[in-house]
Amino acid sequence: MRKFLLFLGVIAGLTVFGCQGTAQTASPEKQTETEDTTEDPVESLLRYLASDELRGRETGTEGINLAASRIETIFQDHNVQPYYESYRDTFQVEDRIAYNVVGFVEGSDPVLKDEIIIIGAHYDHIGEGKEVNGDIIANGANDNAAGTVAVVELAKHFAEIRDNKRSLMFMLFSAEEKGLQGSKYAAEKLKKDGINPYTVLTFEMIGVPMEDKDYLAYLTGYETSNLAEKFNEYSEEEVLGYLPQAEEYRLFQRSDNFPFYKEFKIPAQTISTFDFTNYEYYHHVSDEAGNLDFVHMKDLIDKVKPGIYKMANTQEKEIKLNKE
């Protein structure tokens, strides 16, 4: 999430990322999160992705390879098909081999199935952070194991119900922390292949709820399209809203939605619940699974399902960019 919020750290007095704040010591429970501690799939996968075993999931390391393998296994077990010859779409970042993990649930309509909806999140993180009490692993639970788990759970859900006229592509991006490299590569490759997506919806830092809001999550680039309006209409409740800070800090341009907007000029936006006041461990070794709210996460994942379902099944393209 480096591009998403990088410059905020230099703002005087801003302590939401916690790097200058009071550190929390990892508990013995957190140190042993390499094994699944629950049968709940959301919590189980997140605890694995954010475990010390994966060493912060830095691009090009064994840790992110383990993360990719776990995602591939889940996709295979739940009949989420690979879009390419395999789930891994390999590219290079400097001297490192990286790979996006791409699953696919083909649409049932012979025409609409080519209007692909992309649901994505980056699954990489920074590897190591500033040492606190001997801990140097930046586990990246909220950033962005949380978004990764949302995409995996949505892929499982739609693969199970098999009731989407438009095709759904589930993308887990690598190398976001190195400048949105995974999503840039994916968008450019799809453009070269002649694919024209309908919409792109990515998930970023959704592990803790916001307070005093009349919506569940905010949508970056809120005014660029009617996506939030239509999504809430489809969902019959206020799922997505407007957060002024998202516009102030240009978050629309700083996450994995943006390369798709640049390449295709389509509605491509990010869902987040990090509101600059509710989580202090950005790029910090205390960004651990134990600091997240799993009830909130599961609720949000469930609440976005109806909106995505209607996006995939309306006869017309109702989600459109707003005129500038």
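Fair warning: this is a prediction, and the values are worked out from it, not measured in the lab.

Chemist: Quick one: what's the story with the overall build of the protein, residue by residue and with numbers?
Modeler: A tally of regular secondary structure across the protein gives 10 helices and 11 strands. Going through the 324 residues of the protein one by one, you find that 60% of them count as buried. In the protein, 79% of the contacts between residues at least 6 apart in sequence involve partners at least 24 apart. A total of about 13,400 Å² of accessible surface is found on the protein, and carbon and sulfur atoms cover 45% of it.

Chemist: With reference to specific residues and values, describe the environment of Leu112.
Modeler: Along the polypeptide, Leu112 turns up in the loop between β3 (96-105) and β4 (117-122). Other than its neighbours up to four places away in sequence, Leu112 contacts Lys165, Arg166, Ser167, Thr314 and Gln315.

Chemist: Give a detailed account of the packing of helix α5 (residues 141-161) against helix α10 (residues 294-313), specifying residues and quantitative values.
Modeler: Running from N to C, α5 and α10 point in directions that differ by 50°, and their axes come no closer than 10 Å. Considered as vectors, α5 and α10 are oriented oblique to each other. Like other packed secondary-structure pairs, α5 and α10 cross with a definite hand, here right-handed. Contact residues: α5 offers Ala146, Val149, Ala150, Glu153, Leu154, His157, Phe158 and Ile161, while α10 offers Met297, Ile301, Val304, Lys305, Ile308 and Tyr309. Its residues assigned to classes, the contact of α5 with α10 shows 11 nonpolar, one polar and two charged.

Chemist: Just give me the short version of the side chain of Lys305, but keep the residues and values in it.
Modeler: Positionally, Lys305 belongs in helix α10. Residues within four places of Lys305 in sequence aside, it is in contact with Leu154, His157 and Phe158.

Chemist: Run through the packing of helix α4 (residues 62-77) against α5, naming residues and quoting values.
Modeler: Packing of α4 against α5 leaves a shortest axis separation of 9 Å and a crossing angle of 15°. Classified by the angle their axes make, α4 and α5 are roughly parallel. Remark: the crossing between α4 and α5 carries right-handed chirality. For the pair α4 and α5, contact is made by Ile71, Ile74 and Phe75 and by Thr148, Val152, Ala155 and Lys156, respectively. In terms of residue class, the contact of α4 with α5 is built from five nonpolar, one polar and one charged.

Chemist: Run through unusual backbone geometry, naming residues and quoting values.
Modeler: Along the chain, Asp143 connects to Asn144 via a cis peptide bond; the corresponding omega equals 0°. Of note, Asn144 is situated in helix α5. One non-glycine residue, Asp212, lies in positive phi territory at about 60°. One can find Asp212 in the loop between β8 (199-203) and β9 (217-219).

Chemist: An account of the packing of aromatic side chains is needed here, citing residue identities and associated values.
Modeler: Summed over the entire model, instances satisfying the criterion amount to 12 aromatic pairs. Seen in terms of ring centroids, Tyr83 and Phe104 are 4.9 Å apart; in terms of plane orientation they differ by 55°. Their pairing is tilted. Here Tyr83 is found in the loop between β1 (81-82) and β2 (88-93), whereas its partner Phe104 is found in strand β3, with 21 residues between them in sequence. For the pair Phe252 and Tyr261, a centre-to-centre distance of 5.1 Å together with 70° between the ring planes defines the contact as edge-to-face.

Chemist: Kindly report on the pattern of salt bridges, identifying the contributing residues and their values.
Modeler: All told, the structure shown has 16 salt bridges when counted by the stated rule. Asp302 is the salt-bridge partner of Lys305, the closest N and O atoms lying 3.0 Å from each other. A residue pair is termed a helical-turn pair when its members lie 3 or 4 positions apart in one helix, as Lys305 and Asp302 do in helix α10 at three residues. Exposure remark for Asp302: the relative accessible area of 45% places this residue in the partly exposed category. The structure contains a network of salt bridges with shared partners spanning Glu58, Arg96 and Lys178.

Chemist: I'd like a description of helix α6 (residues 181-192), backed by residues and values.
Modeler: Between its first and last C-alpha atoms α6 spans 16 Å; for 12 residues at 1.5 Å apiece the expected length is 16 Å, and the two agree. Residues of α6 that are buried include every one of Gly182, Ser183, Ala186, Ala187 and Leu190, and no others. Looking straight down α6, one finds its buried side chains confined to an arc of 125°; they lie on one side.

Chemist: Explain the confidence of the model for the protein to me, and be specific about the residues and the numbers.
Modeler: Taken residue by residue, the protein gives an average pLDDT of 90. The fraction at 70 or more is 88%. Long-range and interchain partners of residues 6-37, a stretch whose pLDDT sits below 50, account for 60 contacts in this model, where long-range means more than four residues apart.

What counts, and at which threshold
- Residues numbered from 1 in each chain as written.
- Predicted model: local features only at pLDDT ≥ 70, side-chain atom pairs only at ≥ 80, totals over all residues.
- Heavy atoms only, no water.
- Helix = DSSP H or I, 4+ residues; strand = E, 2+ residues; numbered from the N terminus.
- Buried < 20%, exposed > 50% of the residue type's maximum accessible area, 1.4 Å probe, protein only.
- Contact = heavy atoms within 4.5 Å.
- Areas by Shrake-Rupley, 256 points an atom, 1.4 Å probe, with all protein chains shown as cover.
- Axes fitted to C-alpha atoms, helices over the stretch in contact; angles between N-to-C directions.
- Parallel < 35°, antiparallel > 145°, perpendicular 65-115°, else oblique.
- Left-handed = near helix turned anticlockwise from the far one by under 90°.
- Nonpolar A, V, L, I, M, F, W, Y, C, P; charged D, E, K, R; others polar.
- Phe/Tyr/Trp six-rings, centres within 6.5 Å; stacked < 30°, edge-to-face > 60°.
- Salt bridge = Lys/Arg side-chain N within 4 Å of Asp/Glu carboxyl O.
- Expected span 1.5 Å × (residues − 1).
- Arc of directions from axis to C-beta.
- pLDDT = per-residue confidence, 0-100.

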